[in-house]
Amino acid sequence: MRIPLIAGNWKMYKTSSEAIVLAEAVVKALSMPDETQVVVCPPFTALAAVGQIVAGSKIGLGAQDLHWAKEGAYTGEVSAEMLWDIGCRYVIVGHSERRQYFGETNESVNRKSLAALASNLTPIICVGEILFEREAGHAYAVVEAQLKGALSGLTSEQVQGLIFAYEPVWAIGTGKTATPSQAEEMHAHIRKTIALLFGAEIAQGVRILYGGSVKPDNAKELLGRSEIDGALVGGASLQIDSFAAIAKAAKR
Ligand code: 13P
């Protein structure tokens, strides 16, 4: 059985001191998540401070991006090893905002995923179509291409236990969610694609999170679907009440 995972993507919100307050609240409210895993992904500037707060708790720490090189003259960038060193065990890769505003491509997602894995970080690989692509009937093909690009050259061992997030771009920050059926159908398609590439057993083991306007009032219905293994939460992860309510809704 796949353990549900609820990850909070704090995006470019929270100064370090604000992040500390929220992280302390998350540890307090969600340290008993029995069979649910909880991960917080603060901005780079707050990672070390939040890492100290979640250390020794059940709450996991994730970054929002990384560079693929081990080290080097890459001003402004952060490596997988640097993230690991301050307690990160997860890293979001290929978020649609990075694809949209910062030139992330399927190829860079691939290089970043490989770099994360080489440092024992679990990448949370994001895929998802824009509205135009969905309306044109291309959503499945777009997501499939994103997956194939991201996973190019990975071995079955590397794909085993990976985390994916399906985030339809039209549902991010818009208050518009994919219906549970739309999400579930795409999740099933993602799993099928992974099965074709790496075998059914590997595909059954990966977790596929849904992201895009997940809120306390729609979480239960989305997370109740057997193909939806958790959520990648943006806006609602910035307040403890809404984030805790979503995490609690993940209980199977
Ligand atoms: P919202 O939950 O704010 O729509 O953001 C989703 C997201 O992008 C998580 O990575």
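Analysis parameters
Residues numbered from 1 in each chain as written. Predicted model: local features only at pLDDT ≥ 70, side-chain atom pairs only at ≥ 80, totals over all residues. Heavy atoms only, no water. Helix = DSSP H or I, 4+ residues; strand = E, 2+ residues; numbered from the N terminus. Rg over C-alpha atoms; globule rule 2.2 N^0.38 Å. Buried < 20%, exposed > 50% of the residue type's maximum accessible area, 1.4 Å probe, protein only. Contact = heavy atoms within 4.5 Å. Lys, Arg positive; Asp, Glu negative; His and termini not counted. Charge placed at Lys NZ, Arg CZ, Asp CG, Glu CD. Expected span 1.5 Å × (residues − 1). Pairing = 2+ DSSP bridges. Right-handed = clockwise from strand over helix to strand, strands pointing away. Axes fitted to C-alpha atoms, helices over the stretch in contact; angles between N-to-C directions. Parallel < 35°, antiparallel > 145°, perpendicular 65-115°, else oblique. Left-handed = near helix turned anticlockwise from the far one by under 90°. UniProt positions renumbered as here; feature names shortened; annotations may be inferred. Phe/Tyr/Trp six-rings, centres within 6.5 Å; stacked < 30°, edge-to-face > 60°. Lys NZ or Arg CZ within 6 Å of the ring centre and 35° of its normal. Polar contact = N/O pair within 3.5 Å; in protein donor to acceptor, adjacent residues only side chain to side chain.

Let us look at the overall build of the protein chain. Secondary structure assignment for the protein chain yields 12 helices and 8 strands. For a compact globule of 252 residues, the expected C-alpha radius of gyration is about 18 Å, and the protein chain comes in at 17 Å, within 12% of that figure. Overall, the C-alpha framework of the protein chain stretches about 45 × 45 × 35 Å when taken along its three principal axes. Residue burial in the protein chain is summarised as follows: out of 252 residues, 53% are buried. Nonlocal contacts in the protein chain, meaning residues at least 24 apart in sequence, comprise 72% of its contacts between residues at least 6 apart. Measuring between centres, the 23 positive side-chain charges of the protein chain sit 3 Å from its 26 negative side-chain charges.

On to helix α9 (residues 180-198). Along its 19 residues, α9 runs 26 Å from first to last C-alpha, staying within 8% of the 27 Å computed at 1.5 Å per residue. Burial in α9 covers these residues: P180, A183, E184, M186, H187, H189, I190, R191, T193, I194 and F198. Directly beyond the C-terminal end of α9, a positive phi value near 100° is found at G199.

Another aspect to go through is the pairing of strand β4 (residues 90-93). Working note: regular strand, side chains alternate between the two faces of the sheet. Across the two faces of β4 the burial is the same, with Y90 and I92 and V91 and V93 all buried. Sheet analysis places strand β3 (residues 59-63) next to β4, joined by 2 bridges and oriented parallel. Bridge pairing in β4 links A63 to V91. In this fold, β3 hands off to helix α3 (residues 80-85), which returns the chain to β4; that crossover is right-handed. In the sheet, β4 pairs with strand β5 (residues 122-127) via 4 bridges, with the strands oriented parallel. Each bridged residue has a counterpart across the sheet, and for V93 the counterpart in β5 is I125.

Bringing the packing of helix α5 (residues 106-118) against helix α7 (residues 139-150) into the picture now. Where α5 meets α7, the closest approach of the two axes is 7 Å, and the angle between their N-to-C directions is 40°. With respect to their mutual orientation, α5 and α7 come out oblique. As for how α5 packs across α7, the hand of that crossing is right-handed. Note on element contacts: α7 touches α5 through A145, Q146, G149 and A150, opposite N106, V109, N110 and S113.

What follows concerns the UniProt feature "binding site: substrate" (unreviewed entry) in the protein chain. When the UniProt feature table is mapped onto this chain numbering, "binding site: substrate" (unreviewed entry) sits at N9, W10, K11, G173, S213, G234 and G235. A maximum C-alpha distance of 13.8 Å is found for the annotated residues, which run over 227 residues; spatially they form one tight group. Assignment of secondary structure puts N9 in strand β1 (residues 5-9). Aside from chain neighbours lying at most four places away, what touches N9 is C41, Q64, I92, H95, L232, V233, G234 and S237. Residue position: G235 is located in the loop between β8 (230-233) and α12 (240-249).

Enumeration over the complete set of coordinates arrives at 2 aromatic pairs. Between the aromatic rings of Y101 and F102, the centroid separation amounts to 6.3 Å while the plane-to-plane angle is 80°, which identifies the pairing as edge-to-face. With respect to class, Y101 is no different from F102; both count as exposed. The ring of W84 has R89 sitting right over it, with the charged end atom 3.3 Å from the ring centre.

Right, let's get into the side chain of S237. Turning to its location among the elements, S237 is positioned in the loop between β8 and α12. Residue S237 is classed as buried on the basis of its relative accessible area, which comes to 0%. There is a polar contact of 2.7 Å between the side chain of S237 and the backbone oxygen of G234. Leave out the neighbours within four places in its chain, and S237 touches G8, N9, W10, L22 and F243.

Spatially, β1-β2-β3-β4-β5-β6-β7-β8 is the arrangement adopted by the 8 strands of the closed barrel, whose pairing is parallel. The mean angle between the axes of side-by-side strands here comes to 25°, regardless of whether they run parallel or antiparallel. Along the sheet face, helix α2 (residues 44-54) touches β2 (37-41) and β3 and points at about 165° away from the line of β3.

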